[in-house]
Amino acid sequence: MLAAERRRHILAAAVAHGAVRVIDLAEELGVSEMTIRRDLDRLEEAGELTKVHGGAVRTAGSLSGRGLEPISALKAERATAEKTAIARAALALVEDGMTVAIGAGTTTLELARLLRGRAIAVVTNSISLFHVMTDPADDLVAGGAVQLTGGQRTPSDALVGPVANAMLERVRCDIGFLGCHGIDPTAGFTTPNIGEAETNRRLIGASRNTVMLADHTKFGEIGAHLFGEFSVVEQLITDSGLGPAAREALSSVVELTIAEGGVQ
C-alpha cells in the first residue's frame, strides 16, 4: 500500500471513529508502528489530525470545516484527470432520447462537456453546467433542451432553495447524476450546504435511477448535511485512486464502478 493511500485510510478511520490508535493501525495495515507515527506526523502537518498519546484525533478545525464549502473554481483544480475518467465512464449510461438530471459539481461538469449536442433533454440546477451545454460554439450540433431550475446561488454554482425545489418536484427523469462533498460508508453522501442538500434530495426524487460521481478524495469526508443514503443510489462511479480498503467498504453498500484513468 502506498503512503498516500495509507494516510487516506487513516484519515477515513479518524473521521468514522473520532480517534485512531497507532497499535491498531499498524496491525490493520500490516506496517510498523514507526511507519504509522510518520503518517500521523504528515497528517498533523497538513492540519487533518492532532496527535495524542498512542494515536491521533480529528482536529477541531477539520471538524468545523464540515460546514464550509470551497468555491467552484478551487474544486475544479483538484483531481482533474480522475474527474475526466469518471465522466467518461458515466457517459456510457446515457442513451439518446433520455431525460437526464445533472446536479452541480466539477465532476458532473466534465460529464456535461461530453454530452454537448447529444439528443437528450437535460434538467440541471448548475449555472456552470447550463453554460457549457448551451454555449453556441462552432462544435455544438443540435441537441435536446436544457432546463435550468432557477433559485439561489451557492459557492459551488448550484441553484437551490424553494424555486429550484418546486421545479424539480414537477419533472421526471430517466437518470440523475450527482456529485458530493463527502462519502462515508456509514454517513452516506453529504454536503456542507443545507440548501444544496435539500435540492439534491429533489434531484434524486425526480430520477428513476441515481448515479453518484465522485473522485477518490471524497472518501472519508463528511459534510454537515446528509442528502442521500446508499439505499437511494443505484451506482457510485469513482476513480482508480480509491484504495482497497475503501473499495471493500463501499462495495458492501453500493454498486461500485472504478473508472480507468487518473491516478494509478
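The structure we're discussing is the one just above.
Residues numbered from 1 in each chain as written. Predicted model: local features only at pLDDT ≥ 70, side-chain atom pairs only at ≥ 80, totals over all residues. Heavy atoms only, no water.

A.B. asks: What am I meant to see in the sheet that holds strand β11 (residues 188-191) here?
C.D. replies: Neighbouring strands of a sheet are bound in pairs by backbone hydrogen bonds; such pairs are parallel or else antiparallel. Strand order in the open sheet made by the three strands is β10-β11-β13, with antiparallel pairing throughout. At either margin of the open sheet sits one strand with a lone partner, and together these are β10 (182-184) and β13 (225-228). Geometrically, the sheet is characterised by an average inter-axis angle of 40 degrees between neighbouring strands, direction not taken into account. Here helix α10 (residues 194-206) sits on the sheet in contact with β11 and β13, set at roughly 10 degrees to β13. (Pairing = 2+ DSSP bridges. Helix = DSSP H or I, 4+ residues; strand = E, 2+ residues; numbered from the N terminus. Axes fitted to C-alpha atoms, helices over the stretch in contact; angles between N-to-C directions. Contact = heavy atoms within 4.5 Å.)

A.B. asks: Could you clarify how one ought to interpret the sheet that holds strand β5 (residues 121-124) in this entry?
C.D. replies: Spatial strand order, β6-β5-β4-β9-β12-β14-β15: seven strands in an open sheet with parallel pairing. With partners counted over all chains shown, the strands left at the sheet margins are β6 (146-148) and β15 (256-259), one partner each. For this sheet, the mean angle separating the axes of adjacent strands, direction not counted, is 20 degrees. Of the pairings in the sheet, the one linking β5 to β6 comprises three bridges and is parallel in character.

A.B. asks: What is the right way to read the pattern of salt bridges from this model?
C.D. replies: Oppositely charged side chains may form a pair once their charged atoms are brought near each other. Taken as a whole and judged by the stated rule, the model has 13 salt bridges. Across the pair K51 and D41 runs a salt bridge, and its minimum N-O distance is 2.6 Å. Placement of K51 in strand β2 (residues 49-52) and of D41 in helix α3 (residues 33-45) is noted, with a sequence separation of ten residues between them. It is possible to trace a salt-bridge network through shared partners that takes in E169, E198, R201 and R202. (Salt bridge = Lys/Arg side-chain N within 4 Å of Asp/Glu carboxyl O.)

A.B. asks: Sorry if this is basic, but what is going on with the nonpolar core here?
C.D. replies: Side chains of a nonpolar character, in soluble globular proteins, are inclined to be buried together. By size, the foremost hydrophobic cluster in this structure holds 27 residues, and its most contacted members are I183, F189, M212, F227, L236 and L250. For this core, the secondary structure elements donating two or more residues are α9 (162-168), β9 (173-178), α10 and α11 (244-251). Residue contributions to this core peak at four residues, all from α10. (Core = buried A, V, L, I, M, F, W, Y, C linked by side-chain atoms within 4.5 Å. Buried < 20%, exposed > 50% of the residue type's maximum accessible area, 1.4 Å probe, protein only.)

A.B. asks: Hey, could you run me through the pairing of β5 in this one?
C.D. replies: One face of the sheet, then the other: side chains in a regular strand alternate in exactly this way. Relative to β5, strand β4 (residues 99-102) runs parallel, the two sharing four bridges. Within the sheet, the bridge partner assigned to A101 lies in β5 and is V123. In terms of handedness, the path from β4 via helix α7 (residues 106-115) over to β5 forms a crossover that is right-handed. (Right-handed = clockwise from strand over helix to strand, strands pointing away.)

A.B. asks: How should I be thinking about the packing of α7 against helix α8 (residues 127-134) in this particular structure?
C.D. replies: Packed helices, taken two at a time, are described by the angle between their axes plus the distance between the axes. One can describe the packing of α7 onto α8 by two numbers: an axis separation of 9 Å at closest approach and a directional angle of 15 degrees. When the axes of α7 and α8 are compared, the pair comes out roughly parallel. Considering the relative orientation of α7 and α8, their crossing is right-handed. In this structure, α7 contributes T108, L109, A112, R113 and L115 to the contact, and α8 contributes S128, L129, V132 and M133. Taken together, the residues that form the contact of α7 with α8 break down as six nonpolar, two polar and one charged. (Parallel < 35°, antiparallel > 145°, perpendicular 65-115°, else oblique. Left-handed = near helix turned anticlockwise from the far one by under 90°. Nonpolar A, V, L, I, M, F, W, Y, C, P; charged D, E, K, R; others polar.)

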